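# Fold and geometry: a report
These are the residues of each chain, in order.
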Amino acid sequence: MKLLSVLIFLSLSLTNVSGQTDTTTQKVYRVSLPYEGGGSLVFIGVSALGFKQLDRVASFDQADVVHLDPNSVNAFDRSVIFNNPANYDRAQKRSDLFLNVSILSPLLLMADKRIRKDWLDLLTLYVVTHAVDNAIYFASAYSVRRARPFTYNPDVPLETKVGVAKSNSFYSGHVSFSSTATFFLAKVFTDYHHIKGWKRVAIFSLTSVPPALVAYNRMEAGKHFKTDVMLGFAVGAASGILIPELHKRIKQSKAVALDPFFSPTGQKGLTLTYHF
């Protein structure tokens, strides 16, 4: 109910703002639709294979599990180990629900007439933002092996602790993907309407609720430690804010140019140019 109330509030806010007179027609962000959009869609599509491979890389056998000691986990994270296994399934379902709501939340931007006219640019920018967040996640998740909290829990059967996807606790992809989406929503909305100060803080605070709920339930499900969800939240929030900001600065700055190029040999791509 709290999450529903937040989304209703945001929807009403967007509708109210869209009813205001706004004579500005210039786009806020500069986006290369064919290159950024196409490349990011391909990357996200390939990511599905990356997740499956990550699960295999993060597998445990019995020998791995018997060496796990809860006392080896830092005191700040240790309490998550002993969450009640009876709550795991319900918490997992709730975390998936809040993640899906988060991923879809930028659709609220379509309630705003001014923002809606740039829907294709914004959809492309949204895909690019998630592609960057995914790249950061994969770079970390493949490099670091950290056992999930439930593998330390003495109340969890051994057979549940072995198999795939047992040592990819660092860091929480669910939380990162969630905060990427909701902070993207807040960033785009406040940029289009030049919202500053406490109003901006309030909007970002509201959009932090869904990823916070994802984080709580991922811990309740025994999948991540506190530090895992905190880092995931931070990386996702940074992606959701900085990628649109980069495209905004490229749009506004005459010193920076992002343009497609074509060579006589048939090569093509993007060039990023900065003039001193």
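For the structure itself, look to the data block above.
Residues numbered from 1 in each chain as written. Predicted model: local features only at pLDDT ≥ 70, side-chain atom pairs only at ≥ 80, totals over all residues. Heavy atoms only, no water.

### Here's the deal with the packing of aromatic side chains
Any pair of aromatic rings gets described here by the distance separating the centres and the angle formed by the planes. Applied cut-off: Between 30 and 60 degrees the pair is tilted, below 30 it is stacked and above 60 it is edge-to-face, where a pair is any two Phe, Tyr or Trp rings, Trp via its six-membered ring, whose centres lie within 6.5 Å. Labels follow the DSSP assignment, with helices taken as runs of H or I lasting at least four residues and strands as runs of E lasting at least two, numbered in each case from the N terminus. Burial status follows relative accessibility: with a 1.4 Å probe on protein chains alone, a residue under 20% of its type maximum counts as buried, one over 50% as exposed, and anything between as partly exposed. Charge-over-ring placement is defined geometrically: NZ (Lys) or CZ (Arg) within 6 Å of the ring centre, and within 35 degrees of the ring normal.
Overall, the coordinates contain 14 aromatic pairs when judged by the stated rule. Ring geometry for Tyr 137 and Tyr 171: centres 5.6 Å apart, planes at 85°, overall edge-to-face. Here the residue Tyr 137 occupies a position in helix α7 (residues 119-141), and Tyr 171 occupies one in the loop between α8 (158-161) and α9 (173-192), the gap between them amounting to 34 residues. Note on accessibility: Tyr 137 and Tyr 171 belong to one class, buried. Owing to a relative accessible area of 1%, Tyr 171 belongs among the buried residues under this scheme. Here the aromatic residues Phe 51, Tyr 137, Phe 138, Tyr 142, Phe 170, Tyr 171 and Phe 177 are joined through ring pairs into a cluster of three or more. Above the face of the Phe 76 ring, Lys 226 is positioned so that its terminal group lies 5.0 Å from the ring centre.

### Description of a nonpolar patch on the surface
Note the following rule: Each patch is built from salt-bridge-free residues with over 30% relative accessible area, joining like charges within 9 Å and nonpolar side chains (Val, Leu, Ile, Met, Phe, Trp, Tyr) within 5 Å. In these tables, accessible area is a Shrake-Rupley quantity obtained with a 1.4 Å probe, and a residue counts as shielded only by the protein chains included in the view. The rule for a salt bridge is simple: a side-chain nitrogen of Lys or Arg has to be within 4 Å of a carboxyl oxygen of Asp or Glu.
Taken together, Leu 33, Trp 119, Leu 120 and Leu 123 make up a surface patch of nonpolar side chains, about 360 Å² in accessible area. Ranked by residues supplied to the nonpolar patch, first place goes to α7 with three residues. A relative accessible area of 31% places Leu 33 in the partly exposed class.

### Quick word on the nonpolar core
Put simply, the rule is: The criterion is simple. A nonpolar core is a set of buried Ala, Val, Leu, Ile, Met, Phe, Trp, Tyr and Cys residues joined through side-chain atoms within 4.5 Å. The contact definition used throughout considers only heavy atoms, calling two residues in contact when any of these lie within 4.5 Å.
Grouped together as the largest cluster of nonpolar side chains are 23 residues, with contacts concentrated most on Tyr 29, Leu 109, Ile 115, Val 188 and Tyr 192. Mapped onto this core, the elements with two or more residues apiece are α7, α9, α10 (197-207) and α12 (226-252). In terms of residues, this core owes the most to one element, α9, which gives eight residues. Excluding anything up to four places from it in sequence, Ile 115 contacts Leu 109, Met 110, Leu 122, Val 188, Phe 189, Tyr 192 and His 193. Among the nonpolar cores identified, the runner-up in size contains 22 residues, and Leu 54, Phe 60, Tyr 171 and Val 175 belong to it.

### Quick notes on unusual backbone geometry
Geometrically, the link from Phe 170 to Tyr 171 is a cis peptide bond, its omega value of -15° lying close to zero. Of note in the backbone geometry, Ala 165 takes a positive phi value of approximately 60° without being a glycine. Residue position: Ala 165 is located in the loop between α8 and α9. In this structure, His 194 is a non-glycine residue whose phi angle is positive, near 55°. Relative to the helices and strands, His 194 is located in the loop between α9 and α10. When its relative accessible area of 57% is taken as the criterion, His 194 is described as exposed.

### Brief notes about the side chain of Asp 191
Relative to the elements of secondary structure, Asp 191 occurs in helix α9. Aside from chain neighbours lying at most four places away, what touches Asp 191 is Val 28, Tyr 29, Arg 200, Glu 245 and Lys 248.

### As for the packing of α10 against helix α11 (residues 209-220)
Rule in force here: Angles here are taken between N-to-C directions and fall from 0 to 180 degrees, while the axes themselves are lines fitted to C-alpha atoms, restricted in helices to the stretch in contact. For this classification, Asp, Glu, Lys and Arg are treated as charged, while Ala, Val, Leu, Ile, Met, Phe, Trp, Tyr, Cys and Pro are nonpolar and the rest, including Gly, are polar.
Between α10 and α11, whose axes approach to 4 Å, the crossing angle comes to 30°. Counted together, Ser 205, Leu 206 and Thr 207 of α10 and Val 209, Pro 210 and Pro 211 of α11 form the full contact between these two elements. Looking at side-chain class alone, the contact of α10 with α11 contains four nonpolar, two polar and no charged residues.

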